[in-house]
Amino acid sequence: RRAAGSIDARAALAALYYSQGKVDEAEASWNFACESINSGILEGSNVALDGCAQYRDIDWLSRIRRWPPSMVRRMDDFLNLRSVEVSTQ
């Protein structure tokens, strides 16, 4: 568990959970990433804890983070609270 608190992993997990209809788990993962993981981005003299700011930018996810298109779509659905078809597989 080299990066148990990774914002990238937690954000992806939130998108994946949401796509599976696990809304509570998605929200918990997203909230943990946003509120509990220190992103290291400085704001004034305080360290920001909202590590999710960039993950709300779909263009950044695809171009900079290079997430697969399927995960970018899932994150977009989650961020916009779009209903998704839950796969039974």
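Treat the numbers as computed from the prediction; the structure is a model and nothing was measured.

*Asks:* For the packing of aromatic side chains, give the residues involved together with the corresponding values.
*Replies:* For the coordinates displayed, the defined rule picks out 4 aromatic pairs. Ring geometry for tyrosine 18 versus phenylalanine 78: centroids 5.4 Å apart, planes at 65°, classification edge-to-face. One end of the pair, tyrosine 18, is in helix 1 (residues 7–19); the other, phenylalanine 78, is in helix 4 (residues 69–79), with 60 residues separating them in the sequence. Plain terms: the ring middles of tyrosine 55 and tryptophan 67 are 6.0 Å apart, the flat faces sit at 50° to each other, and that makes the pair tilted. In this pair, tyrosine 55 sits in the loop between strand 2 (46–47) and helix 3 (58–63) while tryptophan 67 sits in the loop between helix 3 and helix 4, placing the two residues 12 residues apart along the sequence. Side by side, tyrosine 55 and tryptophan 67 carry an identical accessibility label, which is buried.

*Asks:* Report on unusual backbone geometry, specifying residues and quantitative values.
*Replies:* In this structure, arginine 66 takes a positive phi of about 60° despite not being glycine. Structurally, arginine 66 is set in the loop between helix 3 and helix 4. For leucine 81, which is not a glycine, the phi torsion comes out positive at approximately 50°. Mapped onto the elements of the fold, leucine 81 is located in the segment after helix 4.

*Asks:* Break down helix 2 (residues 23–36) for me, citing the residues and quoting the values.
*Replies:* For helix 2, built from 14 residues, the straight-helix expectation of 20 Å at 1.5 Å per residue is met to within 8% by its first-to-last C-alpha distance of 19 Å. Buried within helix 2 are the following residues: Ala26, Ser29, Trp30, Ala33 and Cys34. The arc enclosing the buried residues of helix 2, seen along the axis, measures out at 125°, which places them on a common side. Projecting away from the buried face of helix 2 at angles above 90 degrees are the exposed residues Asp24 and Glu35. Contacts from the buried residues of helix 2 go to helix 1 and helix 4.

The rules behind the values
Residues numbered from 1 in each chain as written. Predicted model: local features only at pLDDT ≥ 70, side-chain atom pairs only at ≥ 80, totals over all residues. Heavy atoms only, no water. Phe/Tyr/Trp six-rings, centres within 6.5 Å; stacked < 30°, edge-to-face > 60°. Helix = DSSP H or I, 4+ residues; strand = E, 2+ residues; numbered from the N terminus. Buried < 20%, exposed > 50% of the residue type's maximum accessible area, 1.4 Å probe, protein only. Expected span 1.5 Å × (residues − 1). Arc of directions from axis to C-beta. Contact = heavy atoms within 4.5 Å.

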